[in-house]
Amino acid sequence: MTHVATSPARSFVRDLVALTKPRIISLLLVTTIAPMFVAGTPSWSLVLVVFTGGYLMAGGANAVNMYLDRDIDDRMARTRLRPIPSGRLAAREVLVFGILLATTATYLLAHFANVLSAALALAGFYFYVFVYTRWLKRRTPQNIVIGGAAGAFPPLVGWAAVTGRVDLLALYLFLIIFYWTPPHFWALALLKQRDYDRAGVPMAPLVWGERETINQMLAYTAILVPLTLLPVAFGALGLLYLGAAAILDAALIAGVMKVARRGQWMPAAWSLYKFSLLYLALLFAAMVADRLLAR
């Protein structure tokens, strides 16, 4: 009897968690928390506040994204089982949940960190919801390029929470994620072309073709690699980070080059997509290790 009574509640909670896309948020939190230790020596209470606020803000943005994309989610195989298209949650419930999470995150960050970190987190929310999801996603193959800026806000939030300002190094971290996003996401887009075609989303491979998309991946990687090394050039990070970045950059370049080779690029694209997630996490971890070693 107890199992039967609690099962619907457990399912409801699982659906609410699914709305926040926790696997995606885990990387965003790495790029939020790591800059805090690069910027200074934050207290663990501040880290907890930023971690919680960051999760709630990103989770709220993801929930509102699912509300706005509910029509196309029903057409795509990889999103058809999400809570709204599957009928497990009503669209209005999801919208209210997303707004509630973002509101709570704004209060937490503004009250327990500072107003700047809250404003930056909220800016990332609005950029993802309105600029990317509502405006760019269904209109242009540049959607992930411009809209990718939303995913680059977390380092600014973490940095501002510790310092109360945004410094040059924080802007470099923003740019690293901005230029990392296209080769990362287009690797997935190459593999999911049928889904995007059914949904009517003009992702780069559908509009430009596979070869031009891969060429663009190479171009963005060529910009990304020097950006990752520039903080060392002006003394913000040291040799430990330089060594780690050089190894990671070499592996990333090799992965993109494998996709660029004519022939069976699909396995290489999937490998690149998975590695690019690890690449960004390890790059930010190397920044923290470098700073801790220097103290």
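See the structure shown above.
Along each chain, residues carry numbers from 1 onward, in the same order as the chain's sequence is written. Local features are withheld for residues below a pLDDT of 70 in this predicted model, meaning they are given only at 70 or higher, and side-chain atom pairs are given and counted only at 80 or more; totals for whole chains, interfaces and linings count all residues. Hydrogens are left out, water is left out, and the side-chain values use all remaining heavy atoms of the structure.

> Can you walk me through the overall build of the chain in this structure?
For the chain, the helix and strand inventory stands at 14 helices and zero strands. A run of H or I in DSSP becomes a helix once it reaches four residues, and a run of E becomes a strand once it reaches two; helices and strands are each numbered from the N terminus. When the elements of the chain are put in sequence order from the N terminus, they spell out α-α-α-α-α-α-α-α-α-α-α-α-α-α. Here the chain has a C-alpha radius of gyration of 20 Å; the compact-globule value for 295 residues is 19 Å, and the two agree. Overall size of the chain, expressed as C-alpha extent along the three principal axes, is 60 × 55 × 40 Å. The Shrake-Rupley method, run with a 1.4 Å probe sphere, supplies the accessible areas, and residue values consider only the shown protein chains as cover. In the structure as shown, the chain presents an accessible area of about 13700 Å², 66% of it carried by carbon and sulfur atoms. We count Lys and Arg on the positive side and Asp and Glu on the negative side, and we leave His and both chain ends out. Charge placement uses NZ in Lys and CZ in Arg. For Asp and Glu, CG and CD serve respectively. For the chain, the distance from the average position of its 26 positive side-chain charges to the average position of its 13 negative side-chain charges is 3 Å. Radius of gyration here uses only the C-alpha atoms, and the compact-globule reference equals 2.2 Å multiplied by the residue count raised to the power 0.38.

> Whenever I open this one, the nonpolar core confuses me. Can you help?
A general feature of soluble globular proteins is that nonpolar side chains tend to end up buried together. In terms of nonpolar packing, the biggest core is built from 95 residues, with Ile176, Tyr241 and Met287 touching the most fellow members. Looking at this core element by element, the count peaks at 15 residues for helix α9 (residues 168-191). We call two residues in contact when some of their heavy atoms are within 4.5 Å. Each residue touching Ile176, except ones within four places of it in the same chain, is listed here: Leu224, Leu227, Thr228, Tyr241, Leu280, Leu283 and Met287. Think of a nonpolar core as a cluster: buried Ala, Val, Leu, Ile, Met, Phe, Trp, Tyr and Cys residues, connected wherever their side-chain atoms sit within 4.5 Å. Accessibility here uses a 1.4 Å probe with only protein chains present; expressed as a share of the type maximum, an area under 20% marks a residue as buried, one over 50% as exposed, and anything in between as partly exposed.

> It is not clear to me how the environment of Gln193 should be interpreted in this structure. Could you clarify?
In this structure, Gln193 sits in helix α10 (residues 193-199). Between the C-alpha atom of Gln193 and that of Arg261, which follows or precedes it by 68 residues, the distance is 19 Å.

> What's the story with the packing of helix α8 (residues 154-163) against α9 in this structure? I'm lost.
Packed helices, taken two at a time, are described by the angle their axes make and the gap between the axes. To define axes, lines are fitted to C-alpha atoms, for helices over the stretch in contact only, and angles between the resulting N-to-C directions are given on a 0 to 180 degree scale. At a minimum axis separation of 8 Å, α8 and α9 run at an interaxial angle of 160°. Taken together, the axes of α8 and α9 lie roughly antiparallel to each other. In this structure, the crossing between α8 and α9 has a hand that is right-handed. Contact residues: α8 offers Pro155, Leu156 and Trp159, while α9 offers Leu169, Ala170, Leu171, Leu173, Phe174 and Ile177. In the contact of α8 with α9, the residues fall into nine nonpolar, no polar and no charged. Note on terminology: angles under 35 degrees are roughly parallel, angles over 145 are roughly antiparallel, angles of 65 to 115 are roughly perpendicular, and the others are oblique. Handedness of a crossing follows from how the near helix is turned relative to the far one, being left-handed for an anticlockwise turn of less than a right angle and right-handed for a clockwise one. Throughout this entry, Asp, Glu, Lys and Arg are counted as charged residues, while Ala, Val, Leu, Ile, Met, Phe, Trp, Tyr, Cys and Pro are counted as nonpolar. The remaining residues, Gly among them, count as polar.

> What is the right way to look at helix α12 (residues 210-233) in this model?
One turn of an α-helix holds 3.6 residues; hence residues three or four places apart share an orientation. Along its 24 residues, α12 runs 35 Å from first to last C-alpha, staying within 8% of the 34 Å computed at 1.5 Å per residue. The inward-facing, buried residues of α12 contact α7 (143-147), α9, α11 (204-207), α13 (239-260) and α14 (266-294). Directly beyond the C-terminal end of α12, a positive phi value near 80° is found at Gly235. Multiplying 1.5 Å by the residue count of a helix minus one yields the expected span of that helix.

> Help me out: how do you make sense of the environment of Leu272 in this one?
Within the element layout of this structure, Leu272 appears in helix α14. Separated by 189 residues in the primary sequence, Leu272 and Pro83 place their C-alpha atoms 29 Å from one another.

> Would you mind showing me how to read helix α6 (residues 115-136) here?
Taken as a whole, α6 carries its principal kink of about 30° at Phe127. Of the residues making up α6, those classed as buried are Ser117, Ala118, Leu120, Ala121, Gly124, Phe125, Tyr128, Val129, Tyr132, Thr133 and Leu136. Residues of α6 that are buried sit in contact with α3 (44-68), α5 (91-112), α7 and α8. What the bend at a residue measures is the angle between two axes, fitted to the seven residues ending there and to the seven starting there.

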